[in-house]
2 protein chains.
Amino acid sequence: MRVLLTLSYDGTDFCGYQVQPNGRSVEQVLNDAIFALTGERVKSVSSGRTDSGVHAYAQTVHFDTNSTIPAKNFALALNPLLPSDVKVLKSKKVSGDFHARYGAKSKTYRYSFYVSQTENPMFSRYKSLIKQMPNVEKMKECCKVIEGTHDFKCFMASGSSVKDTTRTVYSVKITKRGSFLDITVKGNGFLYNMVRIIAGTLLAVGENKLLSGDVARMIETGDRPVQAKTAEARGLALIEVKY
Amino acid sequence: MRVLLTLSYDGTDFCGYQVQPNGRSVEQVLNDAIFALTGERVKSVSSGRTDSGVHAYAQTVHFDTNSTIPAKNFALALNPLLPSDVKVLKSKKVSGDFHARYGAKSKTYRYSFYVSQTENPMFSRYKSLIKQMPNVEKMKECCKVIEGTHDFKCFMASGSSVKDTTRTVYSVKITKRGSFLDITVKGNGFLYNMVRIIAGTLLAVGENKLLSGDVARMIETGDRPVQAKTAEARGLALIEVKY
């Protein structure tokens, strides 16, 4: 049977989702727990990798098992075998042709900034520090430039080998609450580092280092100006995957 | 000169605020940073101790120094010498008779519950897990029983040697947002474990294990029923100290 898990993890102490030769990955920790429970070395498939330091409120992962444990009980059974920074929120049986990555209709990420002169340990694991509140109205205006179906080549980290760089961004939303500023991005899929580059680009717009027109041109030409930086990993979290 | 620091710390990996022979304490880490900066072994005085696992958004600490560093620069100068789980948010000069503990007019703590069937690593450092949302109206009703000047002996951990157990609780507020339930308690001072016992008692009321009348009787008689448990440390944070 094929089982779908919804995972939450604090990415701080992981080298990322994907197995690495010399690192503690979410995938490895999960596969080890499944092995401890079922005795099977499964190949689990996630909705997508997350980088080192990136968090997930609801990552989705499927795997095949011959275990007789009812699918919905996997959450309860795996959690005692998992470390405190990764837990299974729920588990269910899915059809044999369900695929956690290829079947995803949309993914939502949130990037979180904390505005302060000083790091605050109560926020620093999950939010990126910026010293001044940027111009939120300018950022909101620029969201409309990013939304839609575009070639997002310029929002992809260099070194990525992906050929088709066209993606649809359904929405980009900015939310300000006190000293916190969140950017929530929903799309049909994302290129490597795309959300972190969107966050860094919108921040540059809010800091008057770029104009919305520069971002429109960036998408048109595929050239990324130096001001459009990749925001750091800790501020990013995968919020939802829809099928 | 006497310097007042406002500290934030994630209490997870500390044995508590106070120096312990075999543990990593906030006080020790802070004193070591002050020594590294000034060459002085100071005796710092906090507004009060916090237990192992208890967090602070704004703990206050004073100390005396002969350093010529301007008081307001201590925050910036100490932070690179402190680990990532404790930082100085601000520093200022205070008069020689200012006292971080005895001068405190009020202290505010927040106790945070997360309601879910499963631990979520993104919340588990700072919120205590409960499986069902308690009856918030009953809890709110009981807040009025706790507010006021009372002998809070029954809200003190056994083993504490404090003689005068009368305290004034200015307010107890319950806030529910989705799956999160916060109890915010403001008082002129708190006995050992008092806020955690208030949180555990209010939870028992919300779970129909105690009535408001039982809590009133608990305060009158000084006897704590077994249902009024001490809520776990990780859900508690010191929010504010006023002078």
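Quantities reported herein were computed from a predicted structural model and do not represent experimental measurements.

Caption draft 1: Quick look at the overall build of chain A. When helices and strands are tallied, chain A shows five helices and ten strands. Against the globule reference of 18 Å for 243 residues, chain A gives a C-alpha radius of gyration of 19 Å, in line with a compact fold. In terms of its C-alpha atoms, chain A occupies a principal-axis envelope of roughly 60 × 40 × 30 Å. Split into buried and exposed, the 243 residues of chain A put 56% on the buried side. Counted over contacts in chain A with a minimum sequence separation of 6, partners at least 24 positions apart contribute 70%. Surface exposure of chain A reaches about 11000 Å², of which carbon and sulfur atoms provide 50%.

Caption draft 2: Region of interest: the interface of chain B and chain A. Contacts between the two partners involve 22 residues from chain B and, on the opposite side, 22 residues from chain A. A buried area of about 1700 Å², summed over both sides, lies between chain B and chain A, and 66% of it is on carbon and sulfur atoms. Summed over the shared surface of chain B and chain A, the result is zero salt bridges. Along the contact surface separating chain B from chain A lie two residue pairs in polar contact (both at pLDDT 80 or more). Counting residues per element, the side of chain B that touches chain A draws most heavily on strand E4 (residues 86–94) of chain B, which supplies four residues. Of the residues belonging to the side of chain B that touches chain A, the class tally is ten nonpolar, seven polar and five charged.

Caption draft 3: Seen up close, the relation of the copies chain B and chain A. Superposing chain B onto chain A takes a rotation of 180° plus a shift of 0.0 Å along the axis, which leaves an RMSD of 0.0 Å. Look at the turn and shift together and you get a two-fold axis relating the two. Across chain B, the smallest distance between a C-alpha and the rotation axis is recorded for arginine 125 of chain B, namely 5.3 Å.

Caption draft 4: Quick peek at the side chain of serine 25 of chain B. All names here are of chain B. Along the chain, serine 25 turns up in the loop between strand E1 (2–9) and helix H1 (26–38). In terms of polar contacts, serine 25 uses its side chain to reach the backbone amide nitrogen of glutamine 28, at 3.1 Å. If near-sequence neighbours (up to four positions away) are discounted, serine 25 is found in contact with Phe14, Cys15, Gly16, Tyr17, Gln18, Val19 and Gln20.

Caption draft 5: A look at the domain arrangement of chain A. All names here are of chain A. Splitting chain A by domain gives domain 1 (2–94) and domain 2 (106–242). Centre-to-centre separation of domain 1 and domain 2, based on C-alpha positions: 27 Å. The interface of domain 1 with domain 2 comprises 17 residues on the first partner and 16 residues on the second. Buried area between domain 1 and domain 2, both sides added, is near 1200 Å², and the carbon and sulfur share of it is 49%. When the area that domain 1 buries against domain 2 is broken down by residue, the three leading residues are Asp51, His55 and Tyr57, summing to 39%. In this structure, arginine 125 engages aspartate 13 in a salt bridge whose closest nitrogen and oxygen atoms are separated by 3.9 Å.

Caption draft 6: Up close: the packing of aromatic side chains. Using the criterion set out here, one finds 22 aromatic pairs over all chains in the structure. Centre to centre, the rings of tyrosine 9 of chain B and tyrosine 17 of chain B are 6.2 Å apart; their planes meet at 35°, and the pair counts as tilted. By way of ring pairs, the aromatic residues Tyr57 of chain A together with Tyr114, Phe123 and Phe180 of chain B are connected into one cluster. The ring of phenylalanine 35 of chain A is capped by arginine 41 of chain A, whose NZ or CZ atom sits 4.1 Å from the centre of that ring.

Caption draft 7: Region of interest: the packing of helix H3 (residues 136–146) of chain B against helix H5 (residues 212–221) of chain B. Residues and elements named next belong to chain B. Axis separation between H3 and H5 bottoms out at 9 Å; the angle between their running directions is 20°. By the angle class used here, H3 and H5 are roughly parallel. Of the two elements, H3 crosses H5, and the hand of that crossing is right-handed. Note on element contacts: H5 touches H3 through Ser212, Val215, Ala216 and Ile219, opposite Lys138, Glu141, Cys142, Val145 and Ile146. Considered class by class, the residues forming the contact of H3 with H5 number six nonpolar, one polar and two charged.

Caption draft 8: Region of interest: helix H1 (residues 26–38) of chain A. Under the 1.5 Å per step criterion, the end-to-end length of H1 of chain A is 18 Å for 13 residues, consistent within 8% with the ideal 18 Å. In the stretch just after H1 of chain A, glycine 39 of chain A is the one whose phi turns positive, near 75°.

Caption draft 9: Geometry of the packing of H3 of chain B against helix H4 (residues 194–206) of chain B. Residue and element names in this part refer to chain B. Between H3 and H4, the least distance of the axes is 8 Å, while the angle of their chain directions is 135°. It follows that H3 is oblique to H4 by the angle criterion. Crossing of H3 over H4 shows right-handed handedness. In this structure, H3 contributes Lys138, Met139, Cys142, Cys143 and Ile146 to the contact, and H4 contributes Ile198, Leu202, Leu203, Val205 and Gly206. Counted by class, the contact of H3 with H4 contains eight nonpolar, one polar and one charged residues.

Caption draft 10: Representation of H3 of chain B within the structure. Residues and elements named next belong to chain B. Looking at H3, one finds that the buried residues are Val136, Met139, Cys142, Cys143 and Ile146. Down the axis of H3, the buried side of the element spans an arc of 120°, and every buried residue falls inside it. Looking at H3, the residues exposed on the side facing more than 90 degrees away from the buried face are Glu137 and Lys144. Turning to H3, the residues buried within the fold contact strand E7 (148–151), strand E8 (166–177), strand E9 (180–187), H4 and H5. Between the side-chain oxygen at the start of H3 and the backbone nitrogen of glutamate 137 there is a gap of 3.1 Å, and the oxygen is on asparagine 135. Where H3 terminates, the next one or two residues include glycine 148, which has phi positive at roughly 115°.

Caption draft 11: Inspection of the confidence of the model for chain A at higher detail. Across chain A, pLDDT averages 97, with 100% of residues at or above 70. This prediction of the complex comes with two scores: 0.94 for pTM and 0.92 for ipTM.

Caption draft 12: Here's a closer look at the environment of phenylalanine 74 of chain B. Residue and element names in this part refer to chain B. Looking at the secondary structure, you find phenylalanine 74 in helix H2 (residues 74–78). The spacing of phenylalanine 74 and serine 91 is 17 residues in sequence and 5.9 Å in space, taken between C-alpha atoms. Excluding anything up to four places from it in sequence, phenylalanine 74 contacts Met1, Val3, Leu5, Leu37, Thr38, Phe63, Thr65, Ser67, Ile69 and Ser91.

Calculation rules
- Residues numbered from 1 in each chain as written.
- Chains lettered and ligands numbered in written order.
- Predicted model: local features only at pLDDT ≥ 70, side-chain atom pairs only at ≥ 80, totals over all residues.
- Heavy atoms only, no water.
- Helix = DSSP H or I, 4+ residues; strand = E, 2+ residues; numbered from the N terminus.
- Rg over C-alpha atoms; globule rule 2.2 N^0.38 Å.
- Buried < 20%, exposed > 50% of the residue type's maximum accessible area, 1.4 Å probe, protein only.
- Contact = heavy atoms within 4.5 Å.
- Areas by Shrake-Rupley, 256 points an atom, 1.4 Å probe, with all protein chains shown as cover.
- Buried area = accessible area lost by both parts, 1.4 Å probe.
- Salt bridge = Lys/Arg side-chain N within 4 Å of Asp/Glu carboxyl O.
- Polar contact = N/O pair within 3.5 Å; in protein donor to acceptor, adjacent residues only side chain to side chain.
- Nonpolar A, V, L, I, M, F, W, Y, C, P; charged D, E, K, R; others polar.
- Least-squares fit on C-alpha atoms with pLDDT ≥ 70 in both.
- Domains from an automatic or database assignment.
- Phe/Tyr/Trp six-rings, centres within 6.5 Å; stacked < 30°, edge-to-face > 60°.
- Lys NZ or Arg CZ within 6 Å of the ring centre and 35° of its normal.
- Axes fitted to C-alpha atoms, helices over the stretch in contact; angles between N-to-C directions.
- Parallel < 35°, antiparallel > 145°, perpendicular 65-115°, else oblique.
- Left-handed = near helix turned anticlockwise from the far one by under 90°.
- Expected span 1.5 Å × (residues − 1).
- Arc of directions from axis to C-beta.
- pLDDT = per-residue confidence, 0-100.

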